[in-house]
Amino acid sequence: LEPQGHSVGTVNEDFAVESLAGDVFQLGNTSYRIMKVDAGKVRVEDAHGAAPNIPFWLGEAPGRSDELSMGVARLRGEIERELAGADDGAEALDRAVAWLIEHLGLSIDAASQIAEYLARSRAALGSLPTQSTLVMERFFDESGGMQLVIHSPFGSRINRAWGLALRKRFCRSFNFELQAAATEDAIILSLSTAHSFALDEVWRYLNSNSAEHVLIQALLDAPLFNVRWRWNATTALALPRFSGGRKVAPQLQRMKSDDLLAAVFPDQAACLENVVGERDIPRHPLVDQTLDDCLHEAMDSEGWLALLRRIEAGDITLVARDLPAPSPLSMEILNARPYAFLDDAPLEERRTQAVMRRRWTDPESTDDLGALDLDAIAGVAEEAWPHPRTLDEMQEALVALCLITQAEAAPEDGWRAMLAELADAGRATRLRADGVDFWVALERLDCVRAAYPAAQATPDLTVPASHTGDGGEAWTFDAALVEIVRSRLSGFGPQPIASIAASLALPQSTVGIAMAQLESEGYAMRGRFTPGTMEEEWCERHLLARIHRYTIKRLRREIEPVEIGDFMRFLFDWQHLTPGTQWQGEEALPQVLAQLEGWEAAAGAWESDLLALRLRDYSILWLDDLCRAGKVVWSRVGAPRSAAGGPVRATPITLLPRRQVLLWHTLPVPAGAPQVSPRAANVLATLRREGALFMDELLTDARMLPVELENALGELVSTGLVNADSFAGLRAMLAPAAKRASFDKKRRRGAGPSMEEAGRWALVRRGEIDDSVPAPARRRLPQETLEYVAMTLLRRYGVMFWRLLEREAAWLPSWRELLPVYHKLEARGEIRGGRFVAGFSGEQFALPEAIPLLREVRKRPLDDTLVLLSGVDPLNLCGTLLPGDKVPALAGNRILFRDGVPVATVTKGEIGWLAEPGAQRAVLHARLVGRQPVRAGLLDAAI
């Protein structure tokens, strides 16, 4: 420990830890005494073995008050009304955000996150849980089991009681101990593969008349009973705190507490093998007080029983949903900490750890969270149905399905010919009666005849004694029907009971009895699984689990993540910066500009530091031609509201497709109209009145001197209001006045770029600011705009994740806004989600064509390839993705990479070595200072 104290954690600044100064807690085998709070950190010192007097980390805490629970439920109810009050999803979100800002005084970012979170939860569950509406959901996990979540915003005291009683009821019904947890807003029960039941039945599992008795039996197994027994025994002086003048150690007190419990309450400490039925609770003051503390202090049994009575009276709306993946509201309970557990299973063994978290679509979409994927359903049904190729495989299919109808025996697949051969060989027969026409294998004939006693077999086969039933017993009608339905379910996807009964030529009520038996065994499950269906469907449990798994993993390709060095090599190839990937020719310039669309770089660095590195034979005439043809526009996005002068070489400029200029200029949050000088306002008014004008036309209409006009245009360019047809106009503005060509033609010979070569000057298309529109609506970007920006970033980097946004312009949408868009694009199959780059948290997305290149780069051996970048390049990722300090985004700065790893930088004219250059120092230095580059692999030849 440090002399001033050891920092063990951080706390909220508003938390009055000073009141705990001097208290002792135990961490591991060491006791610590709290000293003070310094800069938000708890400072402690060694307590030299002093006994702790406060709990540490996982100690119990009081549950949420009823008033706070009611406030949480009321907030959800208000958001529910706002979301339901508009048909359009975007309008509903705006209403919810505006309500939160108006009534709670939240910032727009906080209000937007709350509204989107609850909107997505409502889209998944169909309704938000409140104290008048309870919602239950069930979904599969990766182990094949299921998780049952009850959303009950009544606080942990009521939820703990409900969860313990439900756990005991499930244990008695299915003879299986469940893992369970309860938080302030939800209860979770982790079901195994043996549990299958109609979801709506869970609401009626507990009755208010007998529920308290079930709860008392349940809490006897919960950890809270023994803890409170020890507290009460100590308080009642039934356990000595001191012995021989010294305090009794906590572990010894626990042992003495267990001995006292065994003497007072024998059944509680007895071996479970000797306990028959329910435990007999003795009438003893300590036992009564402990039960009272558990029921009315740790839990609120009275409030819970009142809730059950409201459910039975129909005063609460009950919603039950089967989902392919957990809803957003379930994430808290799935990640519950040990203090919420209702059983003694450790965190690492919880079934909730096997749940695959889904990434949510935007709340404006339809309710696709509760629907399975149609392709997944069709794919699993295709996998489940047999595809025999030989007679033996045909007989195996007959045995597996128990029977095959004549309509299912497709002649185009050769089934009927193979079935006829099996019949000739005495291995199968055809049963026919009124409405019955089945093919049955010899092994299944006795079972099917028990269900269809009137059917005639052709040929009439004799069933061997070994196939007369389970254990040699004859088949009964009920047992045979259950076996037939069980076998038939294994070959189909979700089916309504009407279809199952029609294929078996039996009444629906008869098949329903067999289905109920299979459901109680955990073999079959029912629900509305096919999107858009209104009928109840049945499906074999393992097939349904596979459909859920395919739905969640649809279109997701596994790829081994690459290391950051390989990712940088991929980016150099992706953006054509390595010698073998550089583009060549004028026709490649639009592709380069498409990758750099929306990127802000210094005006004077675009051609020399960005375009020339990606095009080996770049000419400035190519960019001028694209601008004059109306395909590319240069402009300043996110410009300040005022500018003192014209653009300089460091002014951030973007190159955009002309058709998307309006889209990019609507990305910065509107902050009012720009403020310009009177001369600039005069030029702006002239352009608005006359439209695009050449330089000499502007001189005449604006009635200004050439120098005044150039200054006014420079101010308008700096504020992002105007631009020119050609990039030459920007070059002329950036050139020093002494080198700029004048308007006197006699003096222009040999001079630099001229303003007259810029072509026409025109207004930049910008969205108008409507003050009547609420701020949340102005801040919210259209879905089409977000999708375009998301795809533009993917075209730039190939792989996109949140850390890459750090180098992008501040006016771009945040990762929180882009993430739902990437989810939707992945769901549509346009991009892929997965783990592509190692070492970075959060979700990652990639273009399909980028994945093979990533794999190829990972396998490619290192060859000492050198890449020199400017500080303004989008691949200047030092200090963001790459370790080390950031290299400022200035045109004069340089970063040298060797095999994707930065080895040297040039900042402020000074060379900084990031790695030991060794024998390659001369080669690296020559590349940094701009001399003729020498391939690092040819170093020996160069020397």
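Residues numbered from 1 in each chain as written. Predicted model: local features only at pLDDT ≥ 70, side-chain atom pairs only at ≥ 80, totals over all residues. Heavy atoms only, no water.

Q: Sorry, what's going on with the packing of aromatic side chains here?
A: Here a ring pair, both rings aromatic, is described through the centre-centre distance and the interplanar angle of the planes. For the structure shown, the criterion picks out 18 aromatic pairs. Ring centres 5.7 Å apart and planes at 40 degrees place the aromatic pair Trp 815 and Tyr 822 in the tilted group. In this pair, the class of Trp 815 matches that of Tyr 822, namely buried. Through successive ring pairs, a cluster of aromatic residues spans Phe 567, Phe 570, Trp 574, Phe 801 and Phe 840. The side chain of Arg 795 reaches across the aromatic face of Tyr 788, ending 5.8 Å from its centre. If you follow Arg 803 out to its NZ or CZ, it ends over the ring of Trp 802, 5.5 Å from the centre. (Phe/Tyr/Trp six-rings, centres within 6.5 Å; stacked < 30°, edge-to-face > 60°. Buried < 20%, exposed > 50% of the residue type's maximum accessible area, 1.4 Å probe, protein only. Lys NZ or Arg CZ within 6 Å of the ring centre and 35° of its normal.)

Q: Quick question: what am I supposed to make of the packing of helix α6 (residues 223-235) against helix α7 (residues 250-264) here?
A: A pair of packed helices is characterised by two quantities: the angle between their axes and the separation of those axes. Look at α6 against α7: their axes get within 10 Å of each other, and the N-to-C directions meet at 95 degrees. As the angle between them shows, α6 and α7 are arranged roughly perpendicular. Together, Phe 225, Asn 226, Trp 229, Arg 230 and Ala 233 of α6 and Gln 253, Arg 254, Ser 257, Leu 260, Leu 261 and Val 264 of α7 make up the contact between the two elements. (Axes fitted to C-alpha atoms, helices over the stretch in contact; angles between N-to-C directions. Helix = DSSP H or I, 4+ residues; strand = E, 2+ residues; numbered from the N terminus. Parallel < 35°, antiparallel > 145°, perpendicular 65-115°, else oblique. Contact = heavy atoms within 4.5 Å.)

Q: What is the right way to read the nonpolar core from this model?
A: A general feature of soluble globular proteins is that nonpolar side chains tend to end up buried together. In terms of nonpolar packing, the biggest core is built from 111 residues, with Phe 567, Trp 634, Val 683, Leu 713, Trp 761 and Tyr 822 touching the most fellow members. With eight residues, helix α30 (residues 783-797) is the single largest residue contributor to this core. Not counting residues within four places of it along the chain, the set of residues in contact with Val 683 comprises Leu 698, Ala 702, Met 704, Leu 709, Ala 712, Leu 713 and Leu 716. Judged by nonpolar contacts, the second largest core, of 66 residues, contains Leu 178, Leu 220, Cys 539 and Leu 543. (Core = buried A, V, L, I, M, F, W, Y, C linked by side-chain atoms within 4.5 Å.)

Q: Would you mind going over unusual backbone geometry with me for this structure?
A: Glycine aside, residues mostly have negative phi, and peptide bonds are mostly found in the trans state. Put simply, Thr 458 and Pro 459 share a cis peptide bond, and its omega is -5 degrees. Locating Pro 459 in the fold gives a position in the loop between β15 (456-458) and α16 (477-489). Positive phi, close to 55 degrees, is recorded for Ala 505, a residue that is not glycine. In this structure, Ala 505 sits in the loop between α17 (497-504) and α18 (508-520). Its relative accessible area of 34% is what places Ala 505 among the partly exposed residues. At Arg 703, a position not held by glycine, the phi torsion is positive, near 55 degrees.

Q: Would you mind showing me how to read the pattern of salt bridges here?
A: A side chain of one charge can pair with a side chain of the opposite charge when the charged atoms of the two come close. Summed over all chains, the structure comprises 38 salt bridges. Arg 488 is the partner of Glu 408 in a salt bridge, and the nearest nitrogen-oxygen pair spans 2.6 Å. Taken as a pair, Glu 408 in the loop between β12 (404-405) and α14 (415-424) and Arg 488 in helix α16 lie far apart in primary sequence, 80 residues in all. Its relative accessible area of 19% is what places Glu 408 among the buried residues. In this structure, Glu 808 and Arg 796 form a salt bridge, with 3.0 Å as the shortest nitrogen-oxygen distance. A residue pair is termed long-range when its members are at least 10 positions apart, and Glu 808 in the loop between β24 (799-800) and α31 (815-827) and Arg 796 in helix α30 qualify at 12 residues. (Salt bridge = Lys/Arg side-chain N within 4 Å of Asp/Glu carboxyl O.)

Q: What should I look at first to understand the side chain of Glu 483 in this one?
A: Along the polypeptide, Glu 483 turns up in helix α16. At 3.0 Å, the side chain of Glu 483 and the side chain of Arg 444 are in polar contact. Sequence-distant contacts of Glu 483, defined by excluding residues within four places in its chain, comprise Arg 444, Cys 447 and Trp 475. (Polar contact = N/O pair within 3.5 Å; in protein donor to acceptor, adjacent residues only side chain to side chain.)

Q: In this structure, what is going on with the side chain of Ser 121? I would like to understand it.
A: Here Ser 121 is to be found in helix α3 (residues 108-125). Of the residues examined, Ser 121 reaches a relative accessible area of 0% and is grouped as buried. Leaving out residues up to four positions away in the same chain, Ser 121 has contacts with Gly 126, Leu 128, Pro 328 and Leu 329.

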